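Listed here are the chains, written in short residue letters.
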Amino acid sequence: MWKLVYDDGSIVLETPEPIDESISLPGAFVWDQRINRYRAKGCDYRAVRTWVHRSGEPYEDLAAAYNRLELKPKMIRTPRPYQAEAIQAWKGAGKRGLILLPTGTGKSFVAELAITEVQRSTLVVAPTIDLMNQWHSILSASFQVPVGMLGGGYHEIEDLTVSTYDSAYRHMDRLGNRFGLVVFDEVHHLPGPSYYHAAECCLAPFRLGLTATLERPDGGHLSLVDVIGGVVYERTIKELAGDYLAEYQIERIEVQLNEEEHREYTEARETYRSFVREKGIRFGGPQGWGKFVAISSRSSAGRRAMKAFQKARRLALSAPSKLRDLEGLLRQHKSDRAIIFTNDNASVYYISRCFLIPAITHQTDAKERKEILKKFNEGAYPCLVTSRVLNEGVDIPEANVGIVLSGTGSVREHVQRLGRILRQKPGKKAVLYEVVTANTVETYVSDRRREHDAYRR
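I will try to describe carefully the structure that is included in this document. (Residues numbered from 1 in each chain as written. Predicted model: local features only at pLDDT ≥ 70, side-chain atom pairs only at ≥ 80, totals over all residues. Heavy atoms only, no water.)

A few words on the sheet that holds strand S16 (residues 359-360). Taken together, six strands build an open sheet; the order of strands is S14-S19-S18-S15-S17-S16 and the sheet is parallel. Each end of this open sheet is capped by a strand with a single partner; those strands are strand S14 (247-255) and S16. With respect to the sheet, helix H12 (residues 320-332) is in contact with S14, strand S15 (338-341), strand S17 (383-386), strand S18 (401-404) and strand S19 (429-437), its orientation differing from that of S19 by roughly 165°. (Pairing = 2+ DSSP bridges. Helix = DSSP H or I, 4+ residues; strand = E, 2+ residues; numbered from the N terminus. Contact = heavy atoms within 4.5 Å. Axes fitted to C-alpha atoms, helices over the stretch in contact; angles between N-to-C directions.)

Next comes the structure, spelled out in structure tokens:
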């Protein structure tokens, strides 16, 4: 009798006799001469199991160790039309694939629908401990069963378990056969050799990836089709605004450097660009910046170019005139709930001191961060300032004003920041301000990060 065995993140086919050469093996199998057996990645379990079943050979499946469940949500909720469409599309694709929905449209409820549909042991993987805790609360409240946690000091495995990407990567080779459904939240984090390995080791035949912003600059999102499936459903901010998201507007405010600042910016920019031209460095591809960093470290001229780059960037992103405009915007929206976004922690703390605004960075401990967000949602704090840690995975429904003082050229980051203020409430109208320094590279960065349907209004 043939046997399928789970072994450190892979599937081993054990046979009492060598497989007849006339039998065509699926491409997932490779010959492992160390054990004289055929082996496949854990993520190929579904294809391997199907092939073995169709072969007509008697077999025993010792690989899968997940359970059938009988979960019933505590409250019966009617899905919104797009949620129902999304889950139907996912089912039509064999219960595998990616669902793309904007922040604030209930992606977690789509996952609950998938869990209820599949009724198998399920692992939900999230990028941060905060998000893992949110998922734990959501699933515990919805299904009223024990929910395990893997990460943040916890190693508790249940039929419903939530994990961070870091912990899933470290433990999946041992736990990857315990789950029949795996849900990757903020799935754009998955590509990359470490996290991606977790998806390869897991044998879950049913897979769901959720995100509002799939595409990555390195093209890594294209690899997700191999371990999760392709995009099965997508709706955009523009399509859902007004009905299921808050109505919104976007304004770009340009500020000017003074004469001295502009002279310093121009000189620093020319020093940097001269070095780049001399060394033939091109920034069109993913290797350009890495090449500049490597070459600039090898000479005094290179180090001057790096310092010049940093100075020009600092002048553009942290122009003093931005703070004057920020003060005006805060006065204008004194009755609203505003989030100020910057590119770096130094700016966060400077603004926090200048305006007596609570700050959240990666250095803010969990207890303080929770308290700040609670008081912000309650109205005790009318505004807060942050760098990048609130870009995703935080529920701040009261926020209706976003002020972007600086950021990267990432389209994803900009869309995520917009998403922070779009949670729908009766009568809510959201506005996102982008404050950029005119006649600097920041205007080009702004143009690049606004290349998204949500900004073409």
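What follows picks up the thread again.
Turning next to the pattern of salt bridges. Tallied over the full model, the rule gives 26 salt bridges. Salt-bridge contacts for Arg388 lead to Glu413; the nearest nitrogen and oxygen are separated by 3.8 Å. Here the residue Arg388 occupies a position in the loop between S17 and S18, and Glu413 occupies one in helix H15 (residues 411-419), the gap between them amounting to 25 residues. Under the relative-accessibility criterion, Arg388 is labelled partly exposed at 39%. In the salt-bridge network here, residues are joined through shared partners; they are Asp7, Asp32, Arg34 and Arg39. (Salt bridge = Lys/Arg side-chain N within 4 Å of Asp/Glu carboxyl O. Buried < 20%, exposed > 50% of the residue type's maximum accessible area, 1.4 Å probe, protein only.)

So, about the packing of helix H3 (residues 107-118) against helix H4 (residues 129-143). Packing of H3 against H4 leaves a shortest axis separation of 11 Å and a crossing angle of 50°. What the angle tells us is that H3 and H4 run oblique. Considering only the axes of H3 and H4, their crossing is right-handed. On H4, the residues touching Ser108, Ala111, Glu112, Ile115 and Thr116 of H3 are Trp135, Ile138, Leu139, Ser142 and Phe143. Looking at the contact of H3 with H4, its residues break down into six nonpolar, three polar and one charged. (Parallel < 35°, antiparallel > 145°, perpendicular 65-115°, else oblique. Left-handed = near helix turned anticlockwise from the far one by under 90°. Nonpolar A, V, L, I, M, F, W, Y, C, P; charged D, E, K, R; others polar.)

Summarising the element assignment, Ser347 is placed in helix H13 (residues 345-355). Given the relative accessible area of 14%, Ser347 is considered buried. Sequence-distant contacts of Ser347, defined by excluding residues within four places in its chain, comprise Ser318 and Thr342.

So, about a nonpolar patch on the surface. Nonpolar side chains collect at one region of the surface, where Phe283, Trp289 and Val293 lie side by side and expose about 260 Å² of accessible area between them. Looking at the element boundaries, Phe283 is found in the loop between helix H9 (259-279) and helix H10 (288-296). (Patch = residues over 30% accessible without salt bridge, like charges linked within 9 Å, V, L, I, M, F, W, Y side chains within 5 Å. Areas by Shrake-Rupley, 256 points an atom, 1.4 Å probe, with all protein chains shown as cover.)

Once that is clear, we can look at the packing of helix H5 (residues 165-175) against helix H6 (residues 193-201). Contact geometry of H5 with H6 gives a least axis separation of 8 Å together with a crossing angle of 50°. Here H5 is positioned oblique relative to H6, judged by the angle of their axes. Helix-helix and strand crossings are classified by hand; for H5 and H6 the assignment is left-handed. For the pair H5 and H6, contact is made by Tyr165, Asp166, Ala168, Tyr169, Met172 and Asp173 and by Ser194, Tyr195, His197, Ala198 and Cys201, respectively.

Taken as a whole, this structure holds zero disulfides when the rule is applied. Free cysteine: Cys43, not disulfide-bonded; nearest cysteine sulfur from Cys201 at 8.5 Å. Distance from the sulfur of Cys383, which forms no disulfide, to the nearest cysteine sulfur (Cys354) is 13 Å. (Disulfide = S-S within 2.5 Å.)

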